[in-house]
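Coordinate inspection notes
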Amino acid sequence: MGPLFRRKHSLPESEYTRSRTRGALLFALAVAVFTVFAGFLFRVKPETEQVLRQYLAPDFPGGHTWVNSPGCLSLFQELRGHVVVILFNSLTKLADLQDVNRMEEIASRFNDSPVACIIVAVGMESEEEASRWPFRCPAVLDPDTSATRLFGVNALPAVLIIDSNGAIAARYYESWERIPLEDLIRDLLNQAMATRTIAPRRYAP
């Protein structure tokens, strides 16, 4: 009676154990499947199409005069795969020379990398005016401010940094020259290399 009684009570317990084991195996299998699916779903692909369109920068409009460039530059052609630093400045006072020198310094520091520094001379009408400034990097004259407005700039001076996908990575206004832009540029270059969107060499006209 005693052994039989104990056996009768052990049967439900064994069934419960088997059921619990099956449940654990099914749960582990579900976790494994989800992990594989999630890895596939969120895998990083070096495709420029992944950049959301609302974050893409516009391109420089045609019909403007360029200095230190054989013609109009395009963010999505000549400068594709570059980190591009764009300074918007009216260049009407001596203090603006500091901004120009800062841009030239950045261009010189990244001379061996696909980094382009461009100055948009807001309101400037002629190459004669531009010749009074020590431009070495490309500059575009924007007499009617159409290029400035196209990039959504509403205060001067302003600096936009475009990543290798053509997206606006950062936007700075007053006192931008005190911001360590070099660190951000290096991060964007590393990101471009990791996603294989970096240009093989720096654009040289």
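Overview of the structure. (Residues numbered from 1 in each chain as written. Predicted model: local features only at pLDDT ≥ 70, side-chain atom pairs only at ≥ 80, totals over all residues. Heavy atoms only, no water.)

The helix and strand inventory of the protein chain stands at five helices and six strands. Scanning the protein chain from its N terminus toward the C terminus, one meets helices and strands in the order α-β-β-α-β-α-β-α-β-β-α. Per-residue burial for the protein chain yields a buried fraction of 37% across its 205 residues. Residue pairs at least 24 apart in sequence account for 65% of intrachain contacts in the protein chain once pairs closer than 6 positions are excluded. (Helix = DSSP H or I, 4+ residues; strand = E, 2+ residues; numbered from the N terminus. Buried < 20%, exposed > 50% of the residue type's maximum accessible area, 1.4 Å probe, protein only. Contact = heavy atoms within 4.5 Å.)

What follows deals with the sheet that holds strand 2 (residues 83-89). Spatially, the six strands line up as an open sheet ordered 1-4-3-2-5-6, and their pairing is mixed. Since the sheet does not close on itself, it has two edges, and those belong to strand 1 (66-67) and strand 6 (168-172), each with one partner. As judged from the two bridges shared by strand 1 and strand 4 (residues 139-142), these two strands associate in the antiparallel manner. Its bridge partner lying in strand 4, tryptophan 66 is registered against valine 140. Across the sheet, helix 2 (residues 96-109) is in contact with strand 2 and strand 3 (115-122); its angle to strand 2 comes to roughly 170°. (Pairing = 2+ DSSP bridges. Axes fitted to C-alpha atoms, helices over the stretch in contact; angles between N-to-C directions.)

All right, on to the pairing of strand 4 then. Burial along strand 4 is two-sided: the residues Ala139 and Leu141 and Val140 and Asp142 are all buried. Relative to strand 4, strand 3 is paired through four bridges, and the arrangement is parallel. Counterpart to isoleucine 119 in the pairing with strand 4 is alanine 139.

Secondary-structure assignment places proline 61 in the loop between helix 1 (2-41) and strand 1. Once the C-alpha coordinates of proline 61 and aspartate 142 are considered, the two residues, 81 residues apart in sequence, prove to be 9.9 Å apart.

Everything listed here is a matter of geometry and, on its own, says nothing about what the molecule does.
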